[in-house]
Amino acid sequence: MQIATVDPDSPLFGYVRPGYSIVSVNGESILDEIDFRYKVTDDRIDIRFADPKGTEFNFKFDEFVPGDLGLTFVSDKIRTCKNDCIFCFIVQQPQGLRRSLYTKDEDYRLSFTHGNFITLSNTTDEDIERIISQRLSPLYVSVHATDDKLRRCMLRNEKLAPIIPRLKYLGENGITIHSQAVLCPKINDGDQLSRTINELADLYPLVETLAVVPVGLTKYRDHLAKLRTYNKEEAGEIIGYVNSLQNGFKKKLGTRFVWPSDEFYVIADREFPPITAYEEMNQFENGIGMVREFINKFSRRRHQLKGVKSDKRALFVTGASAYPFMNSKIMPYLIDELKLNVELDIVHNRFWGHSVTISGLLTGQDLLRHARKHPGRFDVLVLPPNCLNNDNLFLDNLSLEQFRNALGKPVYVGQYDLAATIKDVFQ
C-alpha cells in the first residue's frame, strides 16, 4: 500500500516519504487502508515500510496511542460491479464524459466509508468474515427485491446468492444494514414491493432502514430493457402505500422503517413530510428527507437576511425536481418580504433527457445554453450547489472558469445553506 502524503505533524514525518509503501503491521500483511487503520489500534505496533527501491525497515511504537498517523494513501483499486442491471444508470450515458462516471463500483469498503450502495454480488465468504471481524458497519445494500428469482432477473445475474440469509447473517454478527429498492413500474412494485418491504422489516433491527427510490432513466437507452418512469398518479400511490405501512411499523417496531425518496413526492406533487417523520435521517444522502431539511434550514436562518438590500438582479437556476418547492417555499420570501430582484428558472436536461430532473446531473453546456438565452434578465447567475465536482468541473468536463468566460457575467455557485448564498450574492 503506497503512501501519498505524510503530514508534518505525523510522528513518521522525516522517516517515511510519499512513494514509500507499507509492507506489514505487527507481521501481518495489509489489504488496504481500512485494514491498516484497523491493525494500528494495538497498544504496541511494528510497521514495516519499504522505500521505492525496495529497501525495507521497521518503525516501532512501544506505547502507541491510537490516532491519526498523518498518512494518506494512493487510492485502492475499486471493486467493480459484474451485474448487468436492467436499470443501471452507468450504461445510460454517452461517450466522452469523465472516466469516473463510467465506474460501476461494487465495493463493500466504499459502502462502509462513503455510504455507497452495493448488491453484495461480488462479496465472497472471506469478505463477509472480514466485514464482521473488523466491524465495517453500517453497510448500504441495494436489495431491489427479496424474491431471489426476480432479483436475479433485475440484476441479470443468475449466480446471485439469496439475499435474505446473507443480510440476516451480517446482522446477527453485528453489522447494521441500510437497504434500498429502486422501483421499476410493473416489475418490482405492487405485490413484489409489499413482499420486499415486509420481509426486510421482519429482519429489523438487523436491517435498520429501507428506502424506495424511483428508477432513473436517460435518453440513451437504445437496445436496453424497456422501462418507463412513474407518473403522478402512480407516485402518489407509492407514497400512500408506504405511508400506510409506516404507521403499522411505528407501532410494532418503534420506527417507520421504510421511506419513499423525495423524488416520489416531486413526481406526485405532494407536500413533503415534517422533518420528524424522517427520524434519524439515516438515508439522507439517498434523497430521503433532503428537501425537507433544505426548506427547514432556510426557515431557521432566513432571519439573518433581514436588512439585505440590493438592486442587483440575480437569476437562480435549478433542475425540474427542485423548482416546485423552491418556487413555492423560498422565492416568495425573497421577492415579497425582502424585495430582492430574483428569479428562478428550470433548466431542462437536454444532455441526458428531460426525464433526468435533479440539478446534480445538469451539465455545464445545458446551464450555459439556458443562461445565454436571457442575458438581459440578470446581473449575476447563481448555479445549484451540486452541479460541480471538487475540481470545479461540470459533468461534461467544462470548467467553471470556461463557463464564466463564455457567459461574460458573474457566476456564483450556491451553497447548500441558501441563506448564506443569498447574503454572499447580494452583499
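Structure report, in brief. (Residues numbered from 1 in each chain as written. Predicted model: local features only at pLDDT ≥ 70, side-chain atom pairs only at ≥ 80, totals over all residues. Heavy atoms only, no water.)

Helix and strand counts for the protein chain stand at 14 helices and 15 strands. Taking 427 residues into account, the globule formula puts the C-alpha radius of gyration at 22 Å, and the protein chain, at 24 Å, falls close to it. On the principal axes, the C-alpha backbone points of the protein chain span a range of 65 × 55 × 45 Å. Across the 427 residues in the protein chain, those meeting the buried criterion constitute 49%. Sequence-distant contacts, at least 24 apart, represent 68% of the contacts inside the protein chain between residues at least 6 apart. Of the roughly 21,100 Å² that the protein chain leaves accessible, carbon and sulfur atoms contribute 49%. Computing the positive centroid from 54 side-chain charges and the negative centroid from 56, the protein chain places the two 6 Å apart. (Helix = DSSP H or I, 4+ residues; strand = E, 2+ residues; numbered from the N terminus. Rg over C-alpha atoms; globule rule 2.2 N^0.38 Å. Buried < 20%, exposed > 50% of the residue type's maximum accessible area, 1.4 Å probe, protein only. Contact = heavy atoms within 4.5 Å. Areas by Shrake-Rupley, 256 points an atom, 1.4 Å probe, with all protein chains shown as cover. Lys, Arg positive; Asp, Glu negative; His and termini not counted. Charge placed at Lys NZ, Arg CZ, Asp CG, Glu CD.)

Ranked by size, the top nonpolar core spans 70 residues in total, and within it L167 and L334 carry the most contacts. Not counting residues within four places of it along the chain, the set of residues in contact with L167 comprises L120, V141, V143, I177, L200, L203 and V207. Core analysis: the next-biggest nonpolar cluster, separate from the first, contains 18 residues, V16, Y20, F36 and I45 among them. (Core = buried A, V, L, I, M, F, W, Y, C linked by side-chain atoms within 4.5 Å.)

Take the side chain of Q93 next. Tracing the sequence through the fold places Q93 in the loop between β6 (71-73) and α2 (108-114). Q93 sits in the buried class, given a relative accessible area of 9%. Separated by 3.2 Å, the side chain of Q93 and the backbone oxygen of I90 make a polar contact. Engagement of the side chain of Q93 in a polar contact is seen with the backbone oxygen of L101, the distance being 2.7 Å. The residues contacting Q93, other than those within four sequence positions of it, are L101, Y102, Y220 and W352. (Polar contact = N/O pair within 3.5 Å; in protein donor to acceptor, adjacent residues only side chain to side chain.)

Looking at the secondary structure, you find F426 in helix α14 (residues 418-426). Once the C-alpha coordinates of F426 and V380 are considered, the two residues, 46 residues apart in sequence, prove to be 9.6 Å apart.

Right, let's get into helix α12 (residues 364-372). Along α12, the positions that sit buried rather than exposed are G364, D366, L367, L368, H370 and A371. Turning to α12, the residues buried within the fold contact β12 (313-318), β13 (341-346), β14 (380-383) and α13 (400-407).

A separate point is the sheet that holds strand β15 (residues 411-413). Adjacent strands of a sheet pair through backbone hydrogen bonds, lying either parallel or antiparallel. Within the open sheet, the four strands sit side by side as β13-β12-β14-β15. Their pairing is parallel. The open sheet is flanked by β13 and β15, the only strands paired with a single partner. Between one strand and the next, the sheet's axes are offset by a mean angle of 25 degrees, whatever the strand orientation. Alignment of β12 against β14, held across three bridges, turns out to be parallel. Paired with A314 across the strands is V380, a residue of β14. (Pairing = 2+ DSSP bridges. Axes fitted to C-alpha atoms, helices over the stretch in contact; angles between N-to-C directions.)

Glancing now at unusual backbone geometry. Along the chain, S137 connects to P138 via a cis peptide bond; the corresponding omega equals 5 degrees. Mapping P138 onto the fold places it in the loop between α3 (125-133) and β8 (139-142). The omega torsion across Y204 and P205 is 5 degrees, close enough to zero to call that bond cis. Tracing the backbone through its elements, the reader meets P205 in the loop between α6 (190-201) and β10 (207-214). Positive phi is not limited to glycine here, since H144 has a value of about 70 degrees. Relative to the elements of secondary structure, H144 occurs in the loop between β8 and α4 (148-155). The exposure class of H144 is buried, given its relative accessible area of 3%. Phi angles above zero are rare outside glycine, and M281 is one such case at about 55 degrees. Tracing the chain through its elements places M281 in the loop between α8 (262-268) and α9 (290-301).

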